[in-house]
Amino acid sequence: MEIRRLLFGLCAFFYLYTSVSARSTCKLKAKFNLSGYKDVDKKKVVIGGMFPVHQRIATVKRNTSRSPVSAGCEGFNFRTFRWTQTMLFALNEINKRSDILPKTELGYVIYDSCFTISKAVEGTLTYLTGQDEAVPNYRCGDGAPLAALVGAGGSDLSIATARILGLYHFPQVSYSSSCSALESKFQFPTFLRTIPTDKHQSHAMAQLVLHFGWTWVGTIAADDDYGKYGIKAFKEQVEDAGVCISFSETLPKIRSPEAIQRIVDTVVESTAKIIVVFASDVDFSPLAHELLRHNVTNRTWIASEAWVTSAAINLPEINPVLGGTLGFGLRRAVIPDLQRHLVDIDPYEDDLTETFWQTAFNCTMDYAKALKRAKARAKAANRTLDRAGNAVPEGLCTGKENLLQLNNTYTDVSQLRLTYSVYKSVYAVAHALHNLEHCVPGEGPFPSAPNRCADINQFEPWQLMYYLKNVRFNVPHTGEEIYFKNGDVDGYYDILNWQTKGDGTIHFVTVGNYSAVVPGNANMTILNGSIIWNNEEFEPPRSVCSENCQPGTRKGIRQGEPVCCFDCIPCADGEVSNSTNARECIQCHEDYWSNKANDECVAKLIEFLAFGEILGIILIVISAFGALIVIAVMVVFLMNLKTPLVKANDPLLSFTLLFSLVVTFLSSIVFLGKPEPWSCMTSQVGLALGFALCLSSIMGKTVVLFCRARAVKTLRNRSKAAARAAKAAAEAAANAGDPDVIATNTTNTKVDDSPIKNLDTDTLTFAHQRTIATVGTLIQAIACTVWLCVLPPHPVKNMANQNVKIILECDIGNVIFICAIFAYDILLALIAFIFAFVARKLEDNFSEGKFVTFGMLVFFIVWISFVPAYLSTRGKFMVAVQIFAILASSFGLLACIFLPKCYVLLLKPERNTEENVRAVRGKPKDASATGTSASEVTATTE
């Protein structure tokens, strides 16, 4: 201590020496121009304070020909001046109390920081030095010890002062510096605050945005640490939750109309309806008035605590722009007797109060200036100068003006939030000093101090810092418990809504609160129904870059744009999305398909040709009708079994043919209904065997006709040859002049009929025909048996032809088998057609060859037409086409082969005689008629 006093003495000596000697090495480089309050005389402890009473440094012309003097301030701020008076009120209240520092009277040194870093640094250096002329690193004065600094206003100001005060481990308690950067005790070891850190406010803002589902927001921040750190933390939290930032602008600290206009243009062009502003009222006020000038409405503003209750922005005319604003305000309190203190100040007490008075009442304390203004006004009004000079000058402050009549934020104590924070800061220092003063000797925390306690009359700043860090007290009048956790207090905010009342003024209505000490999502409570939004709306605004993608669509990201800007792409067929803003569509299971809205997978339609459908009923009726006709033909044949017509056509083979037609008619019914393993096998095999039996029987008939046609042809050729030979012989004899030869007319001469008699006995009997039919059918039966054993037909779900339907159909099992089986039927049909075609000109009264030929032609036409029709259809209509082909071919065979016979049997029974059926026939070997009769061949000679 002796060394320090010696250094102080040397400093004072050098300072005095500079006034008489030009060669002094210790001289003042500049003089600070500070305004404020000071009361240190006869005080035991001094507390410092720093408040941004003015908004900026006055613009002055720098003159390098003179010694530098710091600039003055301009832009008086009534709100921050109230904070200054609140500190004075708290100190007076503490000095009057008997329970806090009863033996210690506190003094104060308060400076105006002018809301600029340079002024805050000037005040800090002056405060540490102890006199108006700052001498860094020295306190060139004595008196009451310095306790702590309450201040210095904005976060950037506190950061500057905290770096200097931290060098000396000097305590600083801030009332409005909420920047999260100040949490670092490595950089700011002696900084404490009674306002929550902005990390709580940023989290609360982010939670508010998520609460209302806003995904497209703009941000505006002041160009200082408060704005930058606050908006950075907010953006990190909302972006992690999927919210996109439409724009991010920075408010200039120095007035720049160009920058303000650029921000206004950005706000107007953006589609974001929600704008978060992290700035002080001083920084945001120019932008708010410019927005009003451009009539920018239909925006909802989220305010930080630094401007949400500011009177500089809360103006009636600005309601169209900022009405409906939501913001976070500090804890509100009522401080009794504060308003009385505010209105009882003496305007002549000091320069700062005088400036306040002149600004508040738009008057001047300078009589000469007031007189000069009065004369100027009198001259402009053509009044006499004497009359104007004798009267009390208009505009002169009397000092008796009533502050209660002022309509400004100074006397408004309805929203004491930051003011309450100032009040708590002063009491925190006072309680720390009280604990220091009442340290129990021998139980103190300082091993190097006498009795381990610090002396209230002479203590070091770092000793008070210990007590400040561990202070715990209840604030008077509110009962709120204050204690510091690593220099910070608990985060608590009221959620305020700007609502316009009937008189046009804006009121701050509490619509919720946020408490950081409550875990989880329960930390925020919002009364949605109490909020009135911009333009007097009661429904929350929507702020999205792209509307939500509804179920049935997926989000398609736009290249080069934030993820919140996307296109809603409908899900493809067969894919669904059943949630809002789905990232991708989900493929439906193979048995399911998407509905029309593509938001649900529904079971595919099961399609097959059912019995109960109209088409199915029609086909059943036609099939049954065909089978009944065949049965009717069989009955007719049975009734006429002994007649020549029936006997001439092998009745057993005819009944076999009719039975095969019944099988083909009825097998078509098996194609209907839901495919089952038994129905798939029965339908295909029944069709193959039915046609095999039918065609084999026809082939058995046509083989006899074919053989007979060949024999007739041979006989004719022989008869013609004999006739030509006889004629030639007669002509030769006549020409030779033989008297014994007489030329005669041979027109009616019969040739020897021994060849014709030989024709009456057919080489193929009924047994041969039945054998051919049996063998032909047996081959097909064997092939079908192998088919059923190796790869039988089975039901399958066909999903390839139609997406929305599952077509139940029969899989043929193996292409080779099905091709071989039906190729065999085609082969039988071709053989029967060829035989019938050759025998079509047999000269019988009743020629069966022509009818079989027509029947086979119908058969081929039907099935040739069936192939393209079958390939061009899908689903149940394929089955319908196949059934129609079976029915048409069956009806064709039935009509062509049996209709002429039934016509004779039923309508022309007189033609059913042996003579008509068999013109010239001999008895066959088995004494029964074989097939149709052969024609009598007559040889005619000329």
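Heads up: the structure comes first, above all this text.
Overview of the structure. The structure displayed is predicted, hence computed values, not measured ones. (Residues numbered from 1 in each chain as written. Predicted model: local features only at pLDDT ≥ 70, side-chain atom pairs only at ≥ 80, totals over all residues. Heavy atoms only, no water.)

## Some thoughts on the overall build of the chain
Condition: Counting from the N terminus, the helices are DSSP H or I runs at least four residues long and the strands are E runs at least two residues long. Should any heavy atoms of two residues lie within 4.5 Å, those residues are counted as being in contact. Per-residue and other accessible areas follow the Shrake-Rupley method at a 1.4 Å probe size, with only the shown protein chains counted as cover for residues.
Secondary structure summary: the chain contains 25 helices and 27 strands in total. Residue pairs at least 24 apart in sequence account for 70% of intrachain contacts in the chain once pairs closer than 6 positions are excluded. Counting every atom, the chain has about 45400 Å² of accessible surface; 57% of that belongs to carbon and sulfur.

## Looking at the state of the cysteines
Our working rule: Only a pair of cysteine sulfur atoms within 2.5 Å counts as a disulfide in this structure description.
Within this structure, the stated rule accounts for nine disulfides. Paired by a disulfide, C545 and C565 hold their sulfur atoms 1.9 Å apart. In this structure, the disulfide formed by C545 and C565 twists by about 105° around the S-S bond and is classed as right-handed. Taken together, the residues C545 in the loop between β18 (524–526) and β19 (553–557) and C565 in the loop between β19 and β20 (566–570) connect sequence positions 20 residues apart.

## Thoughts on the sheet that holds strand β26 (residues 794–798)
Which entries qualify depends on this criterion: For two strands to count as paired, DSSP must find a minimum of two bridges between them. Note on method: axes are straight lines fitted to C-alpha atoms, helices fitted across the in-contact stretch only, with angles between N-to-C directions ranging 0 to 180 degrees.
In spatial order, the strands read β25-β27-β26; together these three strands make up an open sheet with mixed pairing. Two strands close off the open sheet at either side, each with one partner strand: β25 (605–607) and β26. Direction aside, the axes of adjacent strands within the sheet are offset by 30° on average. With three bridges connecting them, β25 and strand β27 (residues 805–811) associate as parallel partners. Paired with L605 across the bridge in β27 is K805.

## Re helix α2 (residues 78–96)
Rules: Helices are assigned an expected span. That span is 1.5 Å times one less than the residue count. Only protein chains enter the accessibility calculation, which uses a 1.4 Å probe; a residue whose area is less than 20% of its type maximum is buried, one above 50% is exposed, and one in between is partly exposed. Between N or O atoms, a polar contact is any pair within 3.5 Å; within protein, one atom must be a potential hydrogen donor and the other a potential acceptor, and residues adjacent in sequence are included only when both atoms are from side chains.
The end-to-end C-alpha separation of α2 is 27 Å, in line with the 27 Å expected for 19 residues at 1.5 Å each. Most of α2 sits inside the fold, with 16 of its 19 residues counted as buried. Near the N-terminus of α2, the side chain that reaches the backbone nitrogen of R79, with its oxygen 3.0 Å away, is that of N77.

## Structural notes on empty space enclosed by the protein
To keep things clear, this is the line we draw: A cavity, in this analysis, means grid points on a 1 Å lattice covering only the protein atoms where a 1.4 Å probe fits yet has no way out; a pocket is instead an open set bounded by protein on both sides within 12 Å along at least five of seven lines, and a residue lines either one if it has an atom within 4 Å of a point. Grid points are joined across faces, edges and corners, and a volume is the space filled by probe spheres set on the points. Under the scheme applied here, ten amino acids are nonpolar (Ala, Val, Leu, Ile, Met, Phe, Trp, Tyr, Cys and Pro), four are charged (Asp, Glu, Lys and Arg), and all others, including Gly, are polar.
Taken as a whole, this structure holds three cavities of 30 Å³ or more when the rule is applied. Quantified by volume, the largest cavity comes out at close to 230 Å³. W83, F115, G154, S280 and A306 are, among the 22 residues lining the largest cavity, the residues nearest its centre. Listed by contribution, the elements that provide at least two residues to the lining of the largest cavity are β3 (54–57), α2, α4 (155–167) and α8 (281–293). A breakdown of the residues in the lining of the largest cavity according to their chemical character gives seven nonpolar, nine polar and six charged.

## Some points on the pattern of salt bridges
Which entries qualify depends on this criterion: Salt-bridge detection follows one rule: a side-chain nitrogen of Lys or Arg within 4 Å of a carboxyl oxygen of Asp or Glu.
In total, this model carries 25 salt bridges according to the counting rule given. Close ionic contact of K119 with E122 constitutes a salt bridge, the shortest N to O distance being 3.4 Å. One end of the pair, K119, and the other, E122, are both in helix α3 (residues 117–129), three residues apart, so they sit about a helical turn from each other. A residue is classified by how much of its surface remains accessible, and E122, at 10% relative accessible area, is buried. The closest approach of N and O atoms between K228 and D223, which form a salt bridge, is 3.2 Å. The exposure class assigned to K228 is partly exposed, which follows from its relative accessible area of 46%.

## Considerations on the packing of helix α16 (residues 614–639) against helix α24 (residues 876–906)
The relative placement of two packed helices comes down to the angle between their axes together with the axis-to-axis distance. Our working definition: Any angle that falls under 35 degrees is termed roughly parallel, while one over 145 is termed roughly antiparallel, one within 65 to 115 roughly perpendicular, and all others oblique. In this scheme, a crossing is called left-handed if the near helix is turned counterclockwise away from the far one by less than a right angle; it is called right-handed if the turn is clockwise.
Here α16 crosses α24 at 25°, and the two axes come no closer than 10 Å. Overall, the two elements α16 and α24 adopt an arrangement that is roughly parallel. Taken as a pair, α16 and α24 cross one another with a handedness that is left-handed. Contact residues: α16 offers L615, L619, I622, S623, F625, G626, I629, V630, V633, V636 and F637, while α24 offers F877, A880, I883, F884, L887, F891, L894, F898, K901, C902, L905 and L906.

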